[in-house]
Amino acid sequence: MNIHLNKHKKIVNSVRFFLDLLWGIPSIVYGAFGFSVMIYFGIRTSLLAGIITVTLFIIPIIIRAIDEVLKTVPTGLLEASLSLGATKSETAYKVFLKQCFPGVITVVLLSFGRAIGDAASVLFTTGFTDSIPTSLNQPATTLPLSIFFQLSSPVPEVKNRAFASAVVLTVIILIISVISRFLVRKYKKHNIKF
Amino acid sequence: MEHKSSIKVNNLNLHIDKQHILKDINLSIPENKITVILGPSGCGKTTLLKCFNRLTDLNEKVKIDGEVIINNENIFTSKTDISLIRKNMGFLSQRPYPLPMSIYDNIAYGLRISGRRKKKYLNKRVEHYLRQANIWDEVKDRLKDPASCLSIGQQQRLCLARGLAVDPEFILADEPTSALDPISSQAIEEKFMQLKQHYTIVLVTHILRQARRIADYVVFMYMGEVIEHGEAQEFFENPKMEKTKAYLKGYYN
């Protein structure tokens, strides 16, 4: 990817600028945007709509962060691989990806963390329910949202459920970060340090 | 004395943006010799070297006129198969850049991308090239270790082995010893002396003594121009141009 980006500097810089802008937009704006699109098409809140919204708002984060990771690869490595007769795509997959893999994992999991913990963007788009959805068209609830709604309930049982959700959320995030640590350590040993 | 020459440069001009980096270069580089390109920093030595395997393509602002003829073919035509040219040239950069994989895979990488994947064959070739670069004894017990755990000197020899593994005719070396300790440098220099029987070596350096030690043919560049080129002995003992004399006396350093 970045191998090609060395050319076309102007286009690249403007794309980077827009991605940075998109990154900076608060997730509630994405939620509102998704909501207004849904109203336009007359769709009701559903799991699918929420998934699409969340995807929309983490895509700029992922792209831009991976871009940063790739930028750290020195051109010498690129030249070394190319001068062995490798094509650009061979270099990208076999050399760059290997060098960047730990960074890419970190990025993906970071944005996953943001997505799973985000409440605002799905507030309007997935709606709220107490039951587990059985199809993509039904409303659903993310863990943070359910904490938010259940905590404000006067019924103590429901309140307890909020704490349960909080535990589940914490455990999920813990597991993810442990896995990512493990993967990063496994792949980091081949990395060239500069 | 006329040599058979395998790289010919005709009226090569290179611009980056508006800067004129290489000015009207005309050269022929003799076969199976060590040709040393000498000159102060920033005179275009490295750029000239990178023209030979078209690494200059990486920068889109580079504009090239003129031709570089390798084995009777101009490499700056659109028909040129760039990977083929690059396979034909082992390239050693200033600092070693081992690929982010094991020592074994570093050597096998070049072989694999040219489509040779048989394990037995690879094992044999890897050993052969590591021996050629005088590094076999140091790494034979840890071929599976990441290449990044080697010392810089070892890494540079590994890069040499890697370059040889794609079976080139030329070795392009861009100040290959500038980051190395004296002993590693010596090892590389000695290797070059042995290799020149089979390869055409083009070496960029700014170390005069190194050039005296190993050069057969010298090209002196200054400010993007080739000031003088000729047989090493003739060049060092009897320089013709004023600038060369001054450089040899050390005025530019």
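If you're wondering where the values come from, they're calculated on a predicted model, not measured in any experiment.

What counts as what
- Residues numbered from 1 in each chain as written.
- Chains lettered and ligands numbered in written order.
- Predicted model: local features only at pLDDT ≥ 70, side-chain atom pairs only at ≥ 80, totals over all residues.
- Heavy atoms only, no water.
- Helix = DSSP H or I, 4+ residues; strand = E, 2+ residues; numbered from the N terminus.
- Rg over C-alpha atoms; globule rule 2.2 N^0.38 Å.
- Buried < 20%, exposed > 50% of the residue type's maximum accessible area, 1.4 Å probe, protein only.
- Contact = heavy atoms within 4.5 Å.
- Areas by Shrake-Rupley, 256 points an atom, 1.4 Å probe, with all protein chains shown as cover.
- Lys, Arg positive; Asp, Glu negative; His and termini not counted.
- Charge placed at Lys NZ, Arg CZ, Asp CG, Glu CD.
- Pairing = 2+ DSSP bridges.
- Axes fitted to C-alpha atoms, helices over the stretch in contact; angles between N-to-C directions.
- pLDDT = per-residue confidence, 0-100.
- Buried area = accessible area lost by both parts, 1.4 Å probe.
- Salt bridge = Lys/Arg side-chain N within 4 Å of Asp/Glu carboxyl O.
- Polar contact = N/O pair within 3.5 Å; in protein donor to acceptor, adjacent residues only side chain to side chain.
- Nonpolar A, V, L, I, M, F, W, Y, C, P; charged D, E, K, R; others polar.
- Parallel < 35°, antiparallel > 145°, perpendicular 65-115°, else oblique.
- Left-handed = near helix turned anticlockwise from the far one by under 90°.
- Expected span 1.5 Å × (residues − 1).
- Arc of directions from axis to C-beta.
- Core = buried A, V, L, I, M, F, W, Y, C linked by side-chain atoms within 4.5 Å.

Novice: Would you mind showing me how to read the overall build of chain B here?
Specialist: Looking only at helices and strands, chain B features 10 helices and 10 strands. Its C-alpha atoms give chain B a radius of gyration of 18 Å, near enough to 18 Å, the size a compact globule of 253 residues would have. Taken along its principal axes, the extent of the C-alpha atoms in chain B is 55 × 40 × 35 Å. In chain B, which comprises 253 residues, the proportion classed as buried is 56%. Considering only intrachain contacts with a sequence separation of at least 6, the fraction spanning at least 24 residues in chain B is 67%. Carbon together with sulfur atoms contributes 46% to the accessible area of chain B, which is approximately 11,700 Å² in total. Between the mean site of the 37 positive side-chain charges and the mean site of the 30 negative ones, chain B shows a separation of 5 Å.

Novice: Which parts of the structure should I look at to understand the sheet that holds strand E3 (residues 34-38) of chain B?
Specialist: The strands that make up a sheet are held in pairs by hydrogen bonds between backbone atoms, and each pair lies either parallel or antiparallel. Residues and elements named next belong to chain B. Strand order in the open sheet formed by six strands is E6-E7-E8-E3-E9-E10, and the pairing between neighbours is mixed. Taken across any chain shown, the strands that pair with only one partner, and hence form the sheet edges, are strand E6 (89-92) and strand E10 (225-231). Looking at each pair of strands side by side, their axes are set apart by 15 degrees on average, direction ignored. Relative to strand E8 (residues 200-204), E3 runs parallel, the two sharing four bridges. Among the inter-strand pairings, Ile-34 is bridged to a residue of E8, identified as Ile-201.

Novice: Could you clarify how one ought to interpret the confidence of the model for chain A in this entry?
Specialist: Detail in the predicted coordinates should be disregarded across regions flagged by low pLDDT. Residue-level pLDDT values for chain A average 79, and 92% of them are 70 or greater. Here helix H1 (residues 2-5) of chain A is the element of chain A with the lowest mean pLDDT, 53, and helix H9 (residues 156-188) of chain A is the one with the highest, 85.

Novice: Please clarify how the confidence of the model for chain B should be interpreted in this entry.
Specialist: For chain B, per-residue confidence averages 80 on the pLDDT scale, and 96% of positions sit at 70 or higher. Mean pLDDT in chain B bottoms out at strand E1 (residues 5-16) of chain B, which sits at 77, and peaks at E8(B), which reaches 87.

Novice: Help me out: how do you make sense of the interface of chain B and chain A in this one?
Specialist: Across the boundary between the two partners, chain B contributes 27 residues, which contact 29 residues of chain A. Summing both partners gives a buried area of about 2,500 Å² for chain B against chain A, and 65% of it is carried by carbon and sulfur. Summed over the three residues of chain B that lose the most area to chain A, namely Leu58(B), Tyr97(B) and Pro100(B), the buried surface amounts to 27% of that side. Applying the counting criterion to the chain B and chain A interface returns zero salt bridges. At the boundary of chain B and chain A, one finds one residue pair in polar contact (both at pLDDT 80 or more). When residues of the side of chain B that touches chain A are traced back to their parent elements, those giving at least two are helix H2 (82-87), E6, helix H3 (103-113) and helix H6 (152-165) of chain B. Ranked by residue count, the leading element in the side of chain B that touches chain A is H2(B), at three residues. Looking at the side of chain B that touches chain A residue by residue, the classes come out as 13 nonpolar, five polar and nine charged.

Novice: Quick question: what am I supposed to make of the packing of H6(B) against helix H7 (residues 182-195) of chain B here?
Specialist: Two quantities define a packed helix pair, namely the angle between the axes and the distance from one axis to the other. Residue and element names in this part refer to chain B. One can describe the packing of H6 onto H7 by two numbers: an axis separation of 9 Å at closest approach and a directional angle of 20 degrees. Taken together, the axis directions place H6 and H7 in an arrangement best described as roughly parallel. Crossing hand, H6 versus H7: right-handed. Every residue of H7 that contacts H6 at Gly-153, Gln-156, Arg-157, Leu-160 and Leu-164 is listed here: Ser-184, Ile-188, Lys-191, Phe-192 and Leu-195. Class assignment for the residues of the contact of H6 with H7 results in five nonpolar, three polar and two charged.

Novice: Any chance you could explain the pairing of E6(B) here in plain terms?
Specialist: Within a regular beta strand, the side chains point alternately toward one face of the sheet and then the other, so they alternate between its two faces. All names here are of chain B. Alternating positions in E6 separate into two faces, Met-89 and Phe-91 on one and Gly-90 and Leu-92 on the other, with burial throughout. Strand direction decides the pairing type here: E6 and strand E7 (residues 170-174), joined by four bridges, are parallel. When the sheet's bridge partners are listed, Met-89 is paired in E7 with Phe-170.

Novice: Just to check I follow, could you spell out H7(B) for this structure?
Specialist: Residues spaced three or four apart along an α-helix point in a common direction, a consequence of the helix completing one turn every 3.6 residues. Residues and elements named next belong to chain B. Relative to the 20 Å expected for 14 residues at 1.5 Å per residue, H7 spans 20 Å between its end C-alpha atoms, a close match to the ideal helical length. Of the residues making up H7, those classed as buried are Ser-184, Ser-185, Ile-188, Glu-189, Lys-191, Phe-192 and Leu-195. The arc enclosing the buried residues of H7, seen along the axis, measures out at 160 degrees, which places them on a common side. Facing away from the buried side of H7 by more than 90 degrees, the exposed set consists of Pro-182 and Ile-183.

Novice: Before we go on, may I ask you to explain the nonpolar core in this structure?
Specialist: Residues and elements named next belong to chain B. Counting residues in each nonpolar core, the largest one holds 53 residues, and the members touching the most others are Ile-7, Leu-22, Leu-48 and Phe-52. With sequence-adjacent residues up to four places away left out, Leu-22 is seen in contact with Leu-12, Asn-13, Leu-14, Gly-44, Thr-47, Leu-48, Cys-51, Met-221 and Gly-224. One finds Val-139, Leu-160, Ile-171 and Ile-227 within the second-largest nonpolar core, a separate group that totals 48 residues.

Novice: Would you mind showing me how to read the environment of Ser180(A) here?
Specialist: Residues and elements named next belong to chain A. Among the secondary structure elements, Ser-180 is positioned in helix H9. Between the C-alpha atom of Ser-180 and that of Leu-48, which follows or precedes it by 132 residues, the distance is 27 Å. If we ignore the near neighbours within four places in the chain, the residues touching Ser-180 are Ile-105 and Leu-109.

Novice: How should I be thinking about the packing of helix H3 (residues 27-41) of chain A against helix H4 (residues 47-71) of chain A in this particular structure?
Specialist: All names here are of chain A. Two elements in contact, H3 and H4, have axes whose closest approach is 10 Å; the angle formed by their N-to-C orientations is 135 degrees. Compared by their axis directions, H3 and H4 come out oblique. Considering the relative orientation of H3 and H4, their crossing is right-handed. Where H3 approaches H4, its residues Ser-27, Tyr-30, Gly-31, Phe-33 and Met-38 are matched on the opposing element by Ala-49, Thr-53, Leu-56, Phe-57 and Pro-60. For the contact of H3 with H4, the per-class residue count stands at seven nonpolar, three polar and no charged.

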